Every structure is written in C-alpha cells, then in structure tokens.
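Each chain, letter by letter, is given below.
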Amino acid sequence: MLQKSIIVTGGAGFIGSHVVRLFVNKYPQSRIINVDKLTYAGNLANLKDIEDKPNYRFVKADICDFDAMLSLMREEKVEGIIHLAAESHVDRSIKDPFTFARTNVIGTLSLLQAAKVFWESLPEKYEGKRFYHISTDEVYGALEMTEPQGIEPPFTTKASSGAHHLAYGEKFFTEDLKYQPHSPYSASKAGSDHFVRAFHDTYGLPTIVTNCSNNYGPYQFPEKLIPLFINNIRHRKPLPVYGKGENVRDWLYVEDHARAIDLIFNEGKIAETYNIGGFNEWKNIDIIKVLVSTVDRLLGRPEGTDLDLITYVTDRAGHDLRYAIDSRKLQRELGWEPSLQFEEGIEKTVRWYLENQDWMDNVTSGEYQKYYAEMYYGGGAG
Ligand code: NAD
Ligand code: TYD
C-alpha cells in the first residue's frame, strides 16, 4: 500500500471495525488511526484483538470538529482517509433527522475541508493522497418488484450461488442511476456523496465513492434486522416484522465488503464510483425463516419452534420496497467478487452471536433497553 498513515473514521462501528482489523493486520508498515466519537453504535470491544498492535491508534473525536480533524491530519501526516463514520439506522433517522444531517453531511464536509486544507499545504499537494467515502445503495431510492415470485438473476456470484438464487425485479442499481433517496438516512448519505464529488470537481481532491448493499456479520449493533432477530429468537422475544415482510434487501457478508474497500482504496480510480453487492436478494420474511431455523438448530430446539415469535407490526414510514445492486463494474474493472455463499455467511453469523453472548449483553444493557422499549412498545416496559 502506498499510503503510510491512514485515518479510518467510524472504526469502532460494525463495518469500520472489520476494515480497521483488516488494515492493521494486513499492512504492518502503515499506521491505522481509528477516529470515532463512540456513539451508542461505537464499541471498542469490537477491536479487542488488535488494540495493542503497534501500528494502531484510537482517537476519540467527533468528525464534525474541523479543528480536531485538521490537527490530527497534521500530527499524523495523514495520506489516506477511509470515511465510514455515520449515523446508520433508518428507523432512528425517521425519529431524529437532525443528528443524521449533522454527522453525515456536516461531518463529511468537515473531513473533506480538513483534508483539503492539509493536503494543499504540502509541497506535493494531492499526489499519493486518497479520500475514500463509504456510502450506501439506499441513495438510489427503491426498485420496483416486477416479479414477486422471483426470476433468474442476470449474474451469479458466490454469495448468490446457494439454493435460493432469485432476483425480484428486472432493474438493478447501477453507478449511473440518479439519486432518489427517500429516508432521512439516505438523504443525508446522498448529501454527503454530493459534497465528496463536489470537492473532487471543484478542488481536485482525490476522492472515491462506493455504494454498498446491506451488510451482515459479527459486531453489528442489534437494532438492525439480522442481529436483532438472532438475539430475540435466542431469548424467545417477539420478532417485529414491518408490514408484510415482503421488502427485499441485497445482503453481503461484512468481511467481503471490507475486502472490497481494501481493493478499491488501493486500486480504484480517482473520481470513480463503484457499487458493491453480491446479487443476493432476499425478502425479509424468507431471511427471518432462515434465522429461526438456524438458531433453533444450533440451540438444539426442534427446528421451526420459534416461528411463532414472528409478529407483524406497523410498516416503517416510507419503507423502500427493494434494493438490488449491480456490482459488475467492480467485478469487471478490479476483479472483486464475494467469497462466501449467503448460507455459509448466515451460519457463521448466527454462531458468532450465539457464542458471543457477553458482547450482546454488553451492548443491549442500559440505554438500549430504553430505546427498544420506545421504538417497539411506545415507551412502555421493554
Ligand atoms: P455503525 O452505526 O455500526 O457505526 C458507525 C460508527 O460511526 C460508530 O462507531 C459511531 O460511534 C461512529 N460515529 C457516529 N457519529 C460519529 C461522529 N460524529 N464522529 C465520529 N464517529 C462517529 O455503522 P455501519 O453499519 O458500520 O456503517 C458504516 C458506514 O457504512 C456508514 O457510513 C454507512 O452509511 C455505510 N453503509 C452501511 C451499510 C450497512 O449495511 N450497515 C451498508 C452500506 C453502507
Ligand atoms: P435494517 O437492518 O434496518 O436495514 P435497512 O433498513 O438499512 O435496509 O432493515 C432491513 C429490513 O428489515 C428492512 O426492510 C426493514 C426490515 N426490518 C423489520 O422488518 N423489522 C425490524 O425490526 C427491523 C430492524 C428491520
């Protein structure tokens, strides 16, 4: 890797912790600086195995703090930035959009401006520098479901090579689609993506943007579908399925996303956008059934016992119907492909949560109970 000193923002979160772990282990000659505010979603326990490595440093800071970002970049002579810090949960964005605008838009702008000021002050300026912004497929809006029963996908990857293997529509998110975000979360991510591109086009900042599909795997905060439901099945708590459970998401194992980030950071073209996904579409209700049968099997319960926990609840406001990424550009240009079949990834993931109950207990104590109670039971006991 060219860059010797790299800031990863949001490194104590779900995807960020996998990125930090990969880079710290793979690039011992580089210095990896994890900048994280440690919001409810940030957890240093996610990085216990690498926290003592000599090439790792943690800095507790808010990306919105321009002065702190600039002085850290100067102090560490930062050459690369991989920006993951964000507010990331759609349901929270519906309740509190301001926090999303602040962190996702202003926070990204503050980092961009700090990078610009610092790099422009150097004799070599932008030479050898990279500002890599991690975004989501949700900025493209929602796709139609033309075939509720599913059709043959246009392309198969390892992720989608299992028994399920379906696409739920003809159209996919490609890099040239116009942005049509619907939720405050996706609107704030779209805003940040626009600022990143504007900094390239206006000042020549060497930027790259990627838009990835839904991730799953270890260390995901249990407000998102997969870890929330694994934990609820384990404790025989209700599984709140929004609407009819027919919405479709495209799922990628988090370590495959981290590998893509590594590849793109090192080999991606400046000013380009790459979509990341595995052509792996699932209706929520089908995933939930897989989760129930996997948890039941691993806990030695008769398979399907816990299907009675499924509880249909009021739909999410503005709930996007279908996300489906076309990642063929990344495959064609940089040779990336998912390494794991979905069924293998889900098995690994369920096992991890069941074996790491301490981690789950730790993140679901205190504030979490209050949030969960307000979210699903209108403020009553949770
Ligand atoms: P996460 O919520 O698990 O982690 C976010 C991290 O950012 C946390 O550690 C948090 O403490 C930190 N953070 C939040 N506000 C901050 C601030 N103001 N200053 C510094 N740090 C702050 O999120 P995630 O799921 O790991 O997502 C990471 C990135 O990937 C986000 O930008 C998200 O939009 C994007 N993304 C996520 C998914 C997904 O399925 N989770 C898919 C595509 C893209
Ligand atoms: P989520 O994990 O929040 O990711 P995103 O909204 O970014 O796609 O939700 C995944 C899907 O699961 C989405 O269609 C909403 C649905 N969902 C439920 O049905 N119940 C839940 O409790 C949650 C958290 C999500």
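Okay, so let's go over this structure. Positions within a chain are numbered from 1, following the residues in the order the chain's sequence is written. Each chain is given a letter, starting from A, and each ligand a number, starting from 1, according to the order in which they appear as written. Local features are withheld for residues below a pLDDT of 70 in this predicted model, meaning they are given only at 70 or higher, and side-chain atom pairs are given and counted only at 80 or more; totals for whole chains, interfaces and linings count all residues. Water and hydrogen atoms play no part in the side-chain values, which are based on all heavy atoms of the structure.

**Description of the site of ligand 2**
Taken together, 19 residues lie around ligand 2, and Glu138, Pro240, Arg249, Arg316 and His319 are the ones closest in. One of the backbone nitrogen or oxygen atoms of Tyr242 is found 2.9 Å away from an oxygen atom of ligand 2. In the complex, the protein chains occlude 97% of the 510 Å² of accessible area that ligand 2 would expose alone. Labels follow the DSSP assignment, with helices taken as runs of H or I lasting at least four residues and strands as runs of E lasting at least two, numbered in each case from the N terminus. Within the residue set of the shell around ligand 2, elements represented by two or more residues are helix H6 (225-234) and strand S8 (239-242). By the convention adopted, Pro, Cys, Tyr, Trp, Phe, Met, Ile, Leu, Val and Ala count as nonpolar, Lys, Arg, Asp and Glu as charged, and the other residues, Gly among them, as polar. The residue inventory of the shell around ligand 2, partitioned by class, reads nine nonpolar, five polar and five charged. Neighbouring residues are identified by heavy atoms, a residue being near a molecule or strand if any of them is within 4 Å of it. N or O atoms closer than or at 3.5 Å make up a polar contact, with two conditions inside protein: a donor-capable atom paired with an acceptor-capable one, and, for residues adjacent in sequence, both atoms drawn from side chains. Here the accessible surface of atoms and residues is derived via Shrake-Rupley with a 1.4 Å probe, and residues count as covered only by protein chains that are part of the display.

**So, the sheet that holds strand S7 (residues 214-216)**
Pairing between strands is defined by DSSP: at least two bridges between them are needed. Read across the sheet, three strands follow the order S7-S9-S11 without closing on themselves; strand pairing throughout is mixed. Looking along the sheet, the strands with just one partner apiece sit at the ends: S7 and strand S11 (281-283). Adjacent strand axes in the sheet meet at a mean angle of 50 degrees, parallel and antiparallel pairs treated alike. Pairing of strand S9 (residues 248-253) with S11, which is carried by three bridges, proceeds in the antiparallel orientation. Within the sheet, the bridge partner assigned to Asp250 lies in S11 and is Glu281. Note on method: axes are straight lines fitted to C-alpha atoms, helices fitted across the in-contact stretch only, with angles between N-to-C directions ranging 0 to 180 degrees.

**Looking at the packing of helix H2 (residues 66-76) against helix H4 (residues 97-120)**
With their axes 9 Å apart at the nearest point, H2 and H4 run at an angle of 40 degrees to one another. The angle between H2 and H4 falls in the class oblique. In this structure, H2 crosses over H4, and the sense of that crossing is right-handed. For the pair H2 and H4, the contacting residues are Phe66, Met69, Leu70, Met73 and Arg74 in the first and Ser110, Leu111, Gln113, Ala114, Ala115, Val117 and Phe118 in the second. Class assignment of the residues belonging to the contact of H2 with H4 gives a composition of nine nonpolar, two polar and one charged. Every angle not falling under 35 degrees, over 145, or within 65 to 115 is termed oblique; those three ranges are roughly parallel, roughly antiparallel and roughly perpendicular. Take the far helix as your reference; a near helix turned counterclockwise from it by less than a right angle gives a left-handed crossing, and one turned clockwise gives a right-handed crossing. We call two residues in contact whenever any of their non-hydrogen atoms come within 4.5 Å of each other.

**Brief notes about the site of ligand 1**
Taken together, 28 residues sit near ligand 1, with Ile15, Asp36, Ser88, Tyr185 and Lys189 positioned nearest. Take Lys37: an N or O atom from its main chain is 3.0 Å from a nitrogen atom of ligand 1. Taking 830 Å² as the accessible area of ligand 1 by itself, protein coverage stands at 97%. Looking at the shell around ligand 1, the elements with two or more residues in it are helix H1 (14-26), strand S5 (130-136), helix H5 (184-203) and S7. Examining the composition of the shell around ligand 1, we find that three residues originate from one element, S5, more than from any other. Broken down by class, the residue content of the shell around ligand 1 amounts to 13 nonpolar, eleven polar and four charged.

**Points about the packing of aromatic side chains**
In this description, an aromatic ring pair is defined by two values, namely the gap between the centres and the angle between the planes. The criterion for an aromatic pair is that two Phe, Tyr or Trp rings (for Trp, the six-membered ring) have centres within 6.5 Å, with stacked assigned to planes under 30 degrees apart, edge-to-face to planes over 60 apart and tilted to the rest. Applying the stated criterion across every chain, the model contains 20 aromatic pairs. The interplanar angle of 80 degrees and the centroid separation of 6.1 Å between the aromatic rings of Tyr219 and Trp359 together place this pair among those described as edge-to-face. Of the two residues, Tyr219 sits in the loop between S7 and H6 while Trp359 sits in helix H11 (residues 357-363), which places them 140 residues apart along the sequence. Think of it in three bands: with a 1.4 Å probe and only protein chains considered, a residue is buried below 20% of the maximum accessible area for its type, exposed above 50%, and partly exposed in between. We classify Tyr219 as buried; its relative accessible area is 15%. Arranged with centres 5.4 Å apart and planes meeting at 70 degrees, the rings of Trp352 and Trp359 form a pair that is edge-to-face. One aromatic cluster is present, formed by Tyr216, Trp251, Tyr253, Trp282 and Phe342 through successive ring pairs. Whether a charge lies above a ring is judged from NZ of Lys or CZ of Arg, which has to be within 6 Å of the ring centre and within 35 degrees of the ring normal. Above the ring of Tyr274, the side-chain terminus of Lys329 is found at 4.9 Å from the ring centroid.

**Remarks on the pattern of salt bridges**
When a carboxyl oxygen of Asp or Glu is within 4 Å of a side-chain nitrogen of Lys or Arg, the pair counts as a salt bridge. A full pass over the atoms with the stated rule returns 21 salt bridges. Among the salt bridges present, the one from Asp49 reaches Arg21, with a minimum N-O distance of 2.8 Å. Note that Asp49 is positioned in the loop between strand S2 (31-36) and strand S3 (56-60) and Arg21 in helix H1, a separation of 28 residues in sequence. The class of Asp49 is partly exposed, set by a relative accessible area of 46%.

**Some remarks on H2**
If you check which residues of H2 are buried, you get Met69, Leu70, Leu72, Met73 and Glu76. Down the axis, H2 shows its buried residues gathered within 165 degrees of arc, on one side only. Exposed side chains of H2 directed beyond 90 degrees from the buried face belong to Asp67 and Glu75. Phi turns positive, to about 45 degrees, at Lys77, one or two residues after H2. The arc refers to the directions leading from the helix axis to the C-beta atoms.

**Details of the side chain of Lys329**
Assignment of secondary structure puts Lys329 in helix H9 (residues 328-334). A distance of 2.4 Å separates the side chain of Lys329 from the side chain of Glu272, its partner in a polar contact.

**Examining the environment of Pro28**
Along the chain, Pro28 turns up in the loop between H1 and S2. A C-alpha to C-alpha distance of 8.3 Å links Pro28 and Pro54, two positions 26 residues apart in sequence.

**So, the packing of H4 against H5**
Here H4 crosses H5 at 15 degrees, and the two axes come no closer than 8 Å. Considering the angle they form, H4 stands roughly parallel to H5. Like other packed secondary-structure pairs, H4 and H5 cross with a definite hand, here right-handed. Between H4 and H5, the residues in contact are Pro97, Phe100, Ala101, Asn104, Val105, Thr108, Leu109, Leu112, Gln113, Lys116 and Glu120 and Pro184, Tyr185, Ser188, Lys189, Ser192, Phe195, Val196, Phe199 and Tyr203, respectively. Across the contact of H4 with H5, the residue classes break down as twelve nonpolar, five polar and three charged.

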